[in-house]
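As a plain string of letters, each chain reads:
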Amino acid sequence: MKALVYHGPGNKAWEEKPKPVVLEPTDAVVRVTKTTICGTDLHIMKGDVAAVTEGRILGHEGVGVIEEVGSAVSNFKVGDSVLISCISSCGKCGNCKSGMFAHCENGGGWILGHLIDGTQAEYVRIPFADNSLYPIPAGSDEEALVMLSDILPTGYEIGVLNGEVSPGDVVAIVGGGPVGLAALLTAQFYSPAEIIMIDVDSNRLEVALSFGATQAINNAAGDAVAQVMELTGGKGVDVAIEAIGIPATFDVCQDIVKAGGNIANIGVHGKPVSLKLEELWIKNITLRTGLVSTNTTPQLLKTVESGKLNAAQLVTHHFKLDEMIEAYEVFGNAAKEKALKVILSA
Ligand SMILES: [Zn+2]
Ligand SMILES: [Zn+2]
């Protein structure tokens, strides 16, 4: 089969690899029908994720059709259409039992396209298939469902739920990439009074306004904090969601959170940040972090199916699966290409 293979920082190839087979009784092999590229894959390509080794097939998002199942898989059979979660989980350990699939104690968690071969391929082996795949209802828009593999649950669980977005809140989202936009879409379940999107890319800010942001702040001049303070009468925001992962954007969150407010960090940080405890110690704030567990996927699936959540609007570009290198080129130049999520179809 063909797959996108990582060959060290800056080097990748769309090349021939052996088709995966069932290794454990709990495995399934899925024929990938649609997949996408994540910002995390770009981090891997830069060499930021040391655990990814030479020869690894990347990708942790997608939908497909079950090709083969192990003897212990009971929820799925050959021919079923499935949504692949970016998190694999046994469903049986203590952390899985408490819904924290991200920290599965039996070797699950974010392993696809990281510690084992991933979904940017014609076929992928999914461990713990019963708990790591979700059935796709007949007649679904499969392209929209690819957004449920990672970005929508990430924005929802780590941004909106960890931030405890509530009716009437003033919410700020720092970073209007796909995950920040996913937080913007799912924050609206809770009817906040204001959602302020902060970014330095005017196209992303326009998109955010069309997705339901009430204010868009361009931080190209570095004055976002002053603008938020002016908008909020000097109080700051109830919830500040960080969706970039650099010290400057985390600092914006620390500077705009109001007394009693919440900071929810989604961004993947590669460098230390300084915690402004000299200012925050007195402000009764809560800071939360996390890796998505995707335990909200069934809930989100229902909101997409019912049309409450328009996931398809996150897709901007379409490619064939074997145009993978070109798709990386476009997604890697997201600002210039006005790209949000790209879909690759078999
Ligand atoms: Zn991802
Ligand atoms: Zn587990």
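Just above sits the structure.
From a predicted model like this one, the values you see are computed outputs, not experimental measurements. (Residues numbered from 1 in each chain as written. Chains lettered and ligands numbered in written order. Predicted model: local features only at pLDDT ≥ 70, side-chain atom pairs only at ≥ 80, totals over all residues. Heavy atoms only, no water.)

Engineer: An account of the coordination of the zinc ion (ligand 1) is requested, with residue identities and associated values reported.
Structural biologist: Around a metal, the ideal angle is 109.5 degrees if four donors adopt a tetrahedral arrangement and 90 or 180 degrees if six donors adopt an octahedral arrangement. All of the protein donors around the zinc ion (ligand 1) are Cys-38 (SG), His-60 (NE2) and Asp-150 (OD); their distances to the metal are 1.7 to 2.2 Å. Overall, the relative accessible area of 6% leaves Cys-38 in the buried class. Take His-60: its relative accessible area is 1%, and that puts it in the buried class. (Donors = N, O, S within 2.8 Å, 3.2 Å for Na, K, Ca; no water. Buried < 20%, exposed > 50% of the residue type's maximum accessible area, 1.4 Å probe, protein only.)

Engineer: Got a sec to walk through the packing of helix H5 (residues 151-161) against helix H6 (residues 178-187)? Specific residues and values, please.
Structural biologist: Contact geometry of H5 with H6 gives a least axis separation of 8 Å together with a crossing angle of 70°. For the element pair H5 / H6, the angle class is roughly perpendicular. When you trace H5 past H6, the crossing you get is right-handed. In this structure, H5 uses Ile-151, Leu-152, Thr-154, Gly-155, Tyr-156 and Val-160 to contact H6, whose residues at the interface are Pro-178, Val-179, Ala-182, Ala-183, Thr-186 and Ala-187. Of the residues assigned to the contact of H5 with H6, the class counts are nine nonpolar, three polar and no charged. (Axes fitted to C-alpha atoms, helices over the stretch in contact; angles between N-to-C directions. Helix = DSSP H or I, 4+ residues; strand = E, 2+ residues; numbered from the N terminus. Parallel < 35°, antiparallel > 145°, perpendicular 65-115°, else oblique. Left-handed = near helix turned anticlockwise from the far one by under 90°. Contact = heavy atoms within 4.5 Å. Nonpolar A, V, L, I, M, F, W, Y, C, P; charged D, E, K, R; others polar.)

Engineer: If you had to explain the coordination of the zinc ion (ligand 2) to someone new, which residues and values would you point to?
Structural biologist: Distances from the zinc ion (ligand 2) to its protein donors, Cys-90 (SG), Cys-93 (SG), Cys-96 (SG) and Cys-104 (SG), fall within 2.3 to 2.4 Å. Coordination at the zinc ion (ligand 2) comes from four donor atoms whose angles at the metal span 101 to 121°, giving a geometry best classed as tetrahedral. Mapped onto the sequence, the donors of the zinc ion (ligand 2) take the spacing C-x2-C-x2-C-x7-C. Taken as a pair, Cys-93 in the loop between strand E5 (81-84) and helix H2 (94-97) and Cys-104 in the loop between H2 and strand E6 (123-126) lie far apart in primary sequence, eleven residues in all. Residue classification places Cys-93 among the buried positions, given a relative accessible area of 9%. (Tetrahedral: all angles 85-135°; square planar, octahedral: opposite > 155°, others 65-115°.)

Engineer: For the environment of Ala-187, give the residues involved together with the corresponding values.
Structural biologist: Position of Ala-187 relative to the elements: it lies in helix H6. Sequence spacing of Ala-187 and Pro-167 is 20 residues, and the spatial spacing of their C-alpha atoms is 9.8 Å. Once residues within four sequence positions are removed from consideration, Ala-187 is found in contact with Val-160, Val-165, Pro-192 and Ile-195.

Engineer: For helix H1 (residues 39-46), give the residues involved together with the corresponding values.
Structural biologist: Taken together, the buried positions of H1 are Thr-40, Asp-41, Ile-44 and Met-45. Angularly, the buried residues of H1 cover 145° about the axis, an arc narrow enough to put them on a single face. Each element contacted by the buried residues of H1 is listed here: strand E1 (2-6), strand E2 (12-16) and helix H12 (324-332). Where H1 terminates, the next one or two residues include Gly-47, which has phi positive at roughly 90°. (Arc of directions from axis to C-beta.)

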